[in-house]
Amino acid sequence: MAGNEWINGYLEAILNSGGAGVAEEQRPSSAAAAAAVEPAEVGVRGAHFNPTRYFVEEVVTGVDETDIYRTWVKVVATRNVKERSSRLENMCWRIWHLARKKKQIEWEDHQRLAKQRWEREQGRKEATEEMLEELSEGEKGDTVGEMVHNETPKKKPHSNAPDFQLWSEENKEKKLYIVLISLHGLVRGENKELGSDSDTGGQVKYVVELAKALSMMPGVYRVDLFTRQIASPDVDWSYGEPTEMLSTGSSDVEGNELGESAGAYIIRIPFGPREKYLRKELLWPYIQEFVDGALAHIINMSRVLGEQVGGGHPVWPYVIHGHYADAGDSAVLLSGALNVPMVLTGHSLGRNKLYQLLKQGRQSKNDINATYKIMRRIEAEELSLDAAELVITSTKQEIEEQWGLYDGFDVKLERVLRARARRGVSCHGRYMPRMVVIPPGMDFSNVVVQEEQAEADGDLATIIGLDGSSPKSIPPIWSEVMRFFTNPHKPMILALSRPDPKKNITTLLKAFGESRLLRDLANLTLIMGNRDDIDELPSGNASILTTVLKLIDKYDLYGHVAYPKHHNQGDVPEIYRLAAKTKGVFVNPALVEPFGLTLIEAAAHGLPMVATKNGGPVDIHRALNNGLLVDPHDEKEIADALLKLVAEKSLWVECRRNGWRNIHRFSWPEHCRIYLTRVTACRMRHPQWQSDTPVALHDDEEELFGDSLNDVHESYLRLSIDDKISVNDSGSPGLNNDVDADLPDQVKRILSKIKKQATPESQSGSVKPIEPASGNSLNKYPLLRRRRRLFVFALDCYGENGAPEKKTVQVIQQVFRTVRSDSQLSRISGFAISTAMPLSETLNLLKLGKIQMTDFDALICGSGSEIYYPGTVQCMDADGRMHPDKDFAAHIDYRWEYEGVKRTVKKLMNFHDPQEGNKAQAASENVVEDAAASNAHCISFLINDLSKAKPIDELRQKVRLRGLRCHLMYCRNLSRLQVIPLLASRSQALRYLFVRWGLSVMNMYIFLGERGDTDHEELMAGSHKTVIMKGVVERGSEELLRTTGSYQREDIVPEESPLIVYTKEGIRSEDIMNALKEASRATAVM
């Protein structure tokens, strides 16, 4: 071997422990790599400590690859026939390969970060320049000054005076409805199974307690916490209950009775496989299905609350708050469909996690994406930033160092935009969400703060009987900890964390061991999770615990350090109490601490703190002023800080009292007061039309058949177009004379009422379909409000130049023939078109097939930017000219600025790299505006050279970096790029019809081709029924949807779903009917 004895020692250790495992290190599988990187997140519990893996990591991370290469050369030169030499040669080569791979990943990561920084600076520069164009010289000077000020901020004196008025009892007359969303994990109010898997942890505890606390605030009437309904035999039955009450709202603070719907509730929405528990990485394809179910519940609850406290008008959610990326994605769609503000709490962020995993060098980006679906998660977080009015974080560090990594948020640009908004200066369509720090709340009900008893603390000898008196009864965990100590009444330095390298426990132990004075004055207690056998722990945890034991032996700390093997959650408060009784100190030496919840818990029990100066503890220390901050890398600084607090009793008492005096800032009531105050500052918006627009023909009767959450659970009320139409659909035809005795009483009552209301005509089967308006007669409202089924044509069937093909007309004619062949189905059904074409081209296409526009209840044009209702007063004037739904136009206008978006997108699409191409190419424009296809909420560009077109992923990133929020898509066989508002899309337009007219998305059938525009995937996913027409659409636009390495189709659309059915090749009426029957049968048993 080479002369480096350190390397030689590790190589010998690898051989002794079994070097065959190194082969797995060279090509780690996704699952194995995930277990090695973050075992806590993937639920690895029984993994054994792998010494080979440990020694390989030490060599790869601590040795230059040239040294490993020299060792390999030396082994090859001196090899002999012995098996050990052959194994050593093979092992050296593999480790060398690993080191080179790690170096390559680090170089790629460096290049990527450099490119991202350049793009961010370029985007900020262009955004600032464009905002300066239309300003006066004086305003330009002011704006430049703002930029300089924000790039070189000066430290301002800290003021404790709030700059806003906190939520108070004065708001008790409000009746707010708040929606929280937390999708993954096992969520219930009592006996929470925290730690049962990687998805059921602190977030579950947080959202449940937040819902309870908000429901207790003055002015809050109801809080709904949405999560997934799980009917799996692998989990408790309680997770399958549709509703769970968390707190009752039977009376307000003055004792006045409230409505029966007041309080906090867990609402479980079924989505995805009904009988399987899925980890969060597998939930992505079912997000839209959840959105449709949640939307049905919210609409019905809004009506119920309207009857109770809204004076008959719906009470819409005050805010929709998503927790984590998956719930953020859902909140974007829900808030867009309802036009209410959205709030986001990230909890942990995907981009930050991706960078950390890449730095470790153990997995490639593809491996990470395969394991964690990290790119889908990042896009969900970016989309959440696009739509969120408010982003709540725990610390400032989270804002600057984590959210600052995202395309959709730039700290400097956000400050400039906020300053311009305050001065009333236009931002030209550029928006950044407002980031606010609101520390998580805590329940201090079990903590008794009694400052007057501070002197009694520390008299531990009396409690445990060391002074000769009879010992008092003490908690078992006290005995478990004190058995380690030679002198248990010395002040206790307490550290509580899992054995993770980031928690920096070994540095703390070295600081304690190196300071003789600290060892003489205090004991050290390390609570490092639970263990039975170190060898059975994941490798990372096992290596930390092994190092701890070695350091205890090295510094001879026996009798000075406690490291109990077991404790439960109920023991933690008792451990804090024990440390406080000894006048001890709590220490958190983590390299970086995102927040530091244990610091607050310790302060509540009267413990001063010594904590890292990196991350959340800085904010906690500013609020509590109950300890000292240290550099986690400096052992002497840690020891000196601990010694100072232990030795100076007056300082200890002052820190203790400060913690108790200020701990209320981290209570749930304080959290909720700040929360509601910040939410109130958002731009409030909600649907405006429901007050004067009926959603059903006969409200009293239609209430019985409203599309509520109960419809999802009740199989009795489902559609079956196989032979007969179910009761849910028509309300009169096709009913059996006898009511099944096994049906629930509520269903019996509904069926009986329907039977009584049935007319002789309907009973005889002579049913006339609803006739659309003809001649000069116009309906006041669209017939959508009377429909029970809607068939939507969304076929993207275009020729080479984006002209529509006649096959679309043929499909429409065949579906008309199929539906109208059944009089009962025809009576309750309507039709709609959803297309990227403008209205004029859509009507021209219908003329080719001699189809009347009044055969359709709705025309969704411009990729979902306009909705028309043919034959209605709402969309047709006296001269017969059609105009779009004005309410929908106002609905999607959020964060839309036509000219600013058009100018930026055109500039990006026509940009040419000077190093590529000649001057003639640079002078030509790749895209030009198609004025005929554009409207007030849709910018359509004709593409001249498809080879120069940028993928949607890349274009969306560049637009976000410039502070613009919009929805981009290629359409019409890649002949056009269309840009529409953020809240507009063809799928969201269908949800708008649900909210506006009461026609549930679950009762819609969407006809698609096998390919289509780049929004094709969005139309496939959801609770509607999707009919894929095989062989109809030959060319689509998906090839420019995403770049290499992005999330994939299976992250949007389920690979297998009973809601998606296929026809046979061709366009035949019988195939269409069979597909409709298949979809009906599949959904009836879901």
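Treat the numbers as computed from the prediction; the structure is a model and nothing was measured.

1. Quick notes on the pairing of strand 7 (residues 390-393)
Side chains of strand 7 alternate between two faces, with L390 and I392 and V391 and T393 buried alike. Where strand 6 (residues 342-345) and strand 7 come together, 3 bridges link them in parallel fashion. Looking across to strand 7, one finds that L344 is bridged to V391. As judged from the 4 bridges shared by strand 7 and strand 8 (residues 434-437), these two strands associate in the parallel manner. Paired with L390 across the two strands is R434, which belongs to strand 8.

2. Quick word on the pairing of strand 20 (residues 939-943)
Along a regular strand, successive side chains alternate from one face of the sheet to the other. Counting buried positions along strand 20 gives 4 out of 5 residues, so the element sits mostly inside the fold. Alignment of strand 19 (residues 927-929) against strand 20, held across 3 bridges, turns out to be antiparallel. The residue of strand 20 that forms the bridge with V927 is I943.

3. Comments concerning the pattern of salt bridges
Any two side chains of opposite charge can pair if their charged atoms end up close together. All told, the structure shown has 50 salt bridges when counted by the stated rule. Here R498 makes a salt bridge to D500, at a shortest N to O gap of 3.8 Å. On the basis of relative accessible area, R498 is assigned to the partly exposed category, the value being 42%. On the accessibility criterion, D500 (15% relative accessible area) is buried. For E929, the salt bridge identified is with K902, shortest N-O distance 3.4 Å. Here K902 lies in helix 37 (residues 898-909) and E929 lies in strand 19, a separation of 27 residues in the sequence. E929 gets classed as partly exposed once you look at its relative accessible area, which sits at 31%. Within this structure, E379, D386, D953, R956, R960 and R965 form a network of salt bridges that share partners.

4. As for the packing of aromatic side chains
Evaluation of the coordinates by the stated rule reveals 19 aromatic pairs. Aromatic side chains F791 and F1007 sit 6.4 Å apart centroid to centroid with 35° between the ring planes, which places their arrangement in the tilted category. With F791 in strand 15 (residues 789-793) and F1007 in strand 23 (residues 1004-1009), this residue pair connects regions lying 216 residues apart in the sequence. A residue is classified by how much of its surface remains accessible, and F1007, at 0% relative accessible area, is buried. Put simply, the rings of F791, F793, F816, F831, F856, Y1005 and F1007 touch in pairs and so form one group of aromatic residues. When the ring centre of Y1047 is taken as reference, the NZ or CZ atom of R376 above it lies at 5.8 Å. For R685, the ring lying beneath its charged end belongs to Y894, and the centroid distance is 3.9 Å.

Analysis parameters
Residues numbered from 1 in each chain as written. Predicted model: local features only at pLDDT ≥ 70, side-chain atom pairs only at ≥ 80, totals over all residues. Heavy atoms only, no water. Buried < 20%, exposed > 50% of the residue type's maximum accessible area, 1.4 Å probe, protein only. Helix = DSSP H or I, 4+ residues; strand = E, 2+ residues; numbered from the N terminus. Pairing = 2+ DSSP bridges. Salt bridge = Lys/Arg side-chain N within 4 Å of Asp/Glu carboxyl O. Phe/Tyr/Trp six-rings, centres within 6.5 Å; stacked < 30°, edge-to-face > 60°. Lys NZ or Arg CZ within 6 Å of the ring centre and 35° of its normal.

So yeah, pure geometry; function would need other evidence.
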